[in-house]
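Breakdown of the fold
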Amino acid sequence: MNSEDFAIEILADNQPTVLERLLQVTRFRGYPVSGLDVKTTDEGANLNIQLIVNLKECDEPSRANEMQKLFNQLSKLFDIKHVNLIHRRLEKRTLVANKQTVYC
Amino acid sequence: MKKQKTMTGAQQVLSILEKQGVTDVFGYPGGAIMPLYDALYDSGIKHYLCRHEQGAAFAALGYARASYRVGVCMATSGPGATNLLTGIADAMSDSVPLVAITGQVATKAMGTDGFQEVDIIGLSLACTKHCFQVKDIKQLPEYLNKAFEIAQSGRPGPVLIDIPKDIQMTEVLNHDSSLHLIEAKKGIEKAERQSAGTTMLFGQAAEMIIAAEKPIFYIGGGVGLSRSVAELRDLVDMANIPSVETLKALGSVNFEDSLYLGMLGMHGTKAANLAVQESDLLVVLGARFDDRVTGKLEGFAPNAKVIHMDIDPAEVNKRRKADIALIGDLKTTLPMINKEVDKQFSVIKISNKDEWRSRCLDLKKRFQPEISRAVLSNTASLLSTKPLSTKPLDDKAKELNKLKETIFAPALLRELSGRLRPDAIVTTDVGQHQMWVAQTMQFDHPSRLITSGGLGTMGFGIPTAIGAKISSPRNTVVSVTGDGSFMMNIQELATIKRYQIPVKIVLIDNARLGMVRQWQELFFNRRFSETDLSDNPDFVMLARSFGIESKTITQAGEVSEAIEEMLECKNAYLLHVKIDALDNVWPLVPPDTANDQMIEKTA
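Residues numbered from 1 in each chain as written. Chains lettered and ligands numbered in written order. Predicted model: local features only at pLDDT ≥ 70, side-chain atom pairs only at ≥ 80, totals over all residues.

**Some points on the overall build of chain B**
Across its full length, chain B holds 25 helices and 20 strands. Among the 603 residues that make up chain B, the fraction classed as buried is 54%. Taking contacts inside chain B between residues at least 6 apart in sequence as the whole, the part at least 24 apart equals 78%. (Helix = DSSP H or I, 4+ residues; strand = E, 2+ residues; numbered from the N terminus. Buried ≥ 20, exposed ≤ 12 C-beta atoms within 10 Å, placed from the backbone. Contact = placed C-beta atoms within 7 Å.)

Dropping the structure here:
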């Protein structure tokens with residue numbers, strides 16, 4: 001992982017369509033996926049997804065903005081409960097944005 | 001009589017639809033949805049049989065857009081479901097609340113490439129707000145009620161629910177599913193109350209409006225969708241600053257407001273586009289900086305700060321950076337900004353916008369097409385002689401040729417607009433006729449114009465007119481269409497016949513795929529590839545074969561009488577209007593160009 005990689009932690013309902021919808025958004029909005037890890041949690045009720053997108057095509061100053069846009073799009077998905085943007089820079093984890101349950 | 005102890009899944013679907021207040025549905029039966037249609041046979045819900053599932057989806061869409069209710073359509077599995085997708089995608093693009101119910105092969109057969117099996121869930125992922133597949137009867141009440149909730153809450157949109165045949169036939173205890181209904185309704189209320197932005201932020205926005213010297217309201221479809229036209233008009237009256245509207249917003253502002261500059265964008269009025277380019281503050285209400293509106297994005301309103309009010313946080317800062325974002329339902333947030341503006345206006349008396357107002361009024365006077373300066377009245381004869389194009393016609397020739405003059409569509413539409421009652425509904429298809437409708441007809445509410453904005457779907461007009469009329473039987477419904485678009489859902493004339501739906505169809509026939517032909521003329525060196533439709537059928541004969549009264553007109557002098565005949569007729573009517581294939585839509589902002597560089601005629 002480098003400074004072009006942005007990690008997103010997602011907590012979602014364990015529904016069959018969740019992963020596909022998530023990847024439809026990243027593909028359609030133009031965010032190449034460089035890592036994906038999915039685990040069921042809460043006795044199978046939820047999915048814990050760690051998604052890593054790569055923004056090397058995007059210039060450095062616009063990256064935060066682009067991540068905010070992705071965050072906004074992911075937050076609209078009905079089955080997604082929480083979205084955390086995390087940017088790993090060296091050893092420091094900076095929590096960039098956090099979402100509670102939102103309907104949109 | 002003993003109350004039934006059990007009901008089938010199909011009956012439960014209808015019971016839930018009834019509890020959701022659904023009275024009309026549009027659809028077409030088929031194998032995988034037969035149990036639902038069998039249950040419909042005894043139901044109080046009225047089903048309208050369309051002749052193509054796409055027609056059913058658009059009928060549900062027109063129903064929803066005219067009446068602010070959720071449109072419901074249904075189809076069988078496989079091709080039935082895929083045929084709904086165009087209408088669903090259109091609802092997604094234009095934020096229309098739709099619930100689409102599809103049959104599916106039995107759960108045991110799913111995933112085996114069965115007969116009429118298609119992965120409709122997979123296909124609908126990209127064009128629905130959400131979709132559900134009922135794999136267990138116990139999920140049905142929750143999913144169906146949630147479908148209604150999602151369709152209507154926040155930014156409206158289509159939801160698909162896929163129900164396998166065996167689930168439709170499964171017996172279930174006749175228990176009260178209203179628990180889910182109550183939860184669903186609470187969800188809608190919660191979404192409506194949500195609004196970000198403290199009073200402080202609204203105060204800051206109001207300050208920006210006061211301080212701006214050249215502010216302008218950029219009004220989008222969100223005002224109509226949130227049913228906040230009255231609140232908008234309060235704000236516009238109070239602020240007394242110019243306003244422009246998008247295609248979906250037409251009718252939001254009072255069109256007689258002197259500072260209303262018209263539609264902006266690719267085929268917007270010159271006044272609207274120039275004013276926006278000069279403005280220093282855009283107050284964006286329920287709009288999304290669509291590319292038909294902005295032209296070259298980098299060059300759009302280059303000097304303007306932006307206050308963006310919208311219910312969808314994803315639209316803010318998506319295309320244009322906002323200086324202040326006020327996220328929430330306009331029904332809630334417009335009164336909040338109104339209060340702040342009112343407070344500040346009453347404290348500070350300033351005239352920093354007087355010059356701007358004069359400038360905009362001047363632009364409007366100089367550049368609005370002659371035709372829309374005419375007062376809305378019965379002066380029919382006034383209108384058919386002044387074309388918008390710059391073709392010079394010497395007066396004598398005009399006089400002599402008046403009766404032989406070919407029909408100029410914008411003039412006809414303007415006259416039609418004057419003849420219609422304010423609550424008449426107009427649907428359009430897509431292309432030149434659509435832009436002429438937007439430019440020349442006047443609407444008193446955004447729900448009066450039902451046109452395909454985001455997706456721009458040809459074939460939209462006739463079925464949406466059907467749905468609109470069914471939802472609003474007391475309103476006159478006119479569908480303005482083109483010869484290309486008319487053919488795309490032509491089979492819905494059978495639906496008009498079946499239910500004797502008195503829609504009025506105005507078919508603007510230039511025997512071309514008009515808008516594409518215009519672009520080929522302007523940008524592709526007049527290479528008219530596949531846009532010649534001169535082999536069209538006899539439309540009058542076609543309409544009559546469906547029992548629809550019909551007539552062709554070709555001369556300007558015939559227009560007034562024909563419009564009157566059409567509107568007086570108690571039944572469906574097709575007015576076939578032949579126009580010159582060379583008539584183009586002006587002004588036009590070419591691709592990759594800023595909105596102040598409009599073309600006004602062929603070079």
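**Details of unusual backbone geometry**
In this structure, Pro 587 of chain B follows Trp 586 of chain B across a cis peptide bond, with omega equal to -10 degrees. Along the chain, Pro 587 of chain B falls in the segment after strand E20 (573-578). A positive phi angle is found at Asp 42 of chain A, which is not glycine, with a value near 50 degrees. In this fold, Asp 42 of chain A is placed in the loop between strand E2 (33-41) and strand E3 (46-54). Despite not being glycine, Arg 227 of chain B shows a phi value in the positive range, around 55 degrees.

**Focus: helix H11 (residues 229-239) of chain B**
All names here are of chain B. Within H11 the residues assigned to the buried category are Val 229, Glu 231, Leu 232, Leu 235, Val 236 and Ala 239. Each buried residue of H11 lies within a common arc of 160 degrees when the element is viewed along its axis, so the set occupies one face. Exposed and facing more than 90 degrees away from the buried side of H11 are Ala 230, Asp 237 and Met 238. Immediately beyond the C-terminal end of H11, within one or two residues, lies Asn 240, with a positive phi of roughly 55 degrees. (Arc of directions from axis to C-beta.)

**Thoughts on the sheet that holds strand E10 (residues 243-245) of chain B**
Residue and element names in this part refer to chain B. Across the sheet, which stays open at both edges, the six strands sit in the order E11-E10-E9-E12-E13-E14 with parallel pairing between neighbours. Both edges of this open sheet fall to strand E11 (260-263) and strand E14 (324-327), since each of them pairs with a single strand only. Within this sheet the neighbouring strands show an average axis-to-axis angle of 15 degrees, counted without direction. With five bridges connecting them, strand E9 (residues 215-219) and strand E12 (residues 281-285) associate as parallel partners. Opposite Ile 219, over in E12, you have Leu 285 as the bridge partner. Those strands touched by helix H12 (residues 270-278) are E9, E10 and E11, and its axis lies near 110 degrees from that of E11. (Pairing = 2+ DSSP bridges. Axes fitted to C-alpha atoms, helices over the stretch in contact; angles between N-to-C directions.)

**Section: the domain arrangement of chain B**
All names here are of chain B. The domain boundaries assigned to chain B delineate domain 1 (6-193), domain 2 (199-365) and domain 3 (374-578). With 25 residues of domain 1 in contact, the opposing surface of domain 3 contributes 27 residues. Elements with a minimum of two residues in the side of domain 1 that touches domain 3: strand E2 (24-27), strand E3 (46-49), helix H3 (53-67) and helix H4 (79-93). The leading source of residues in the side of domain 1 that touches domain 3 is H3, at eleven residues. (Domains from an automatic or database assignment.)

**Here we look at the confidence of the model for chain A**
Residue and element names in this part refer to chain A. In the predicted model, chain A carries a mean pLDDT of 84, and the fraction of residues at 70 or more is 81%. Within chain A, the element-level pLDDT minimum falls on strand E5 (residues 92-99), averaging 46, and the maximum on helix H1 (residues 18-28), averaging 97. The low-confidence segment residues 89-96 (pLDDT under 50) makes eleven contacts with residues lying over four places distant or belonging to another chain. Long-range and interchain partners of residues 99-104, a stretch whose pLDDT sits below 50, account for 15 contacts in this model, where long-range means more than four residues apart. (pLDDT = per-residue confidence, 0-100.)

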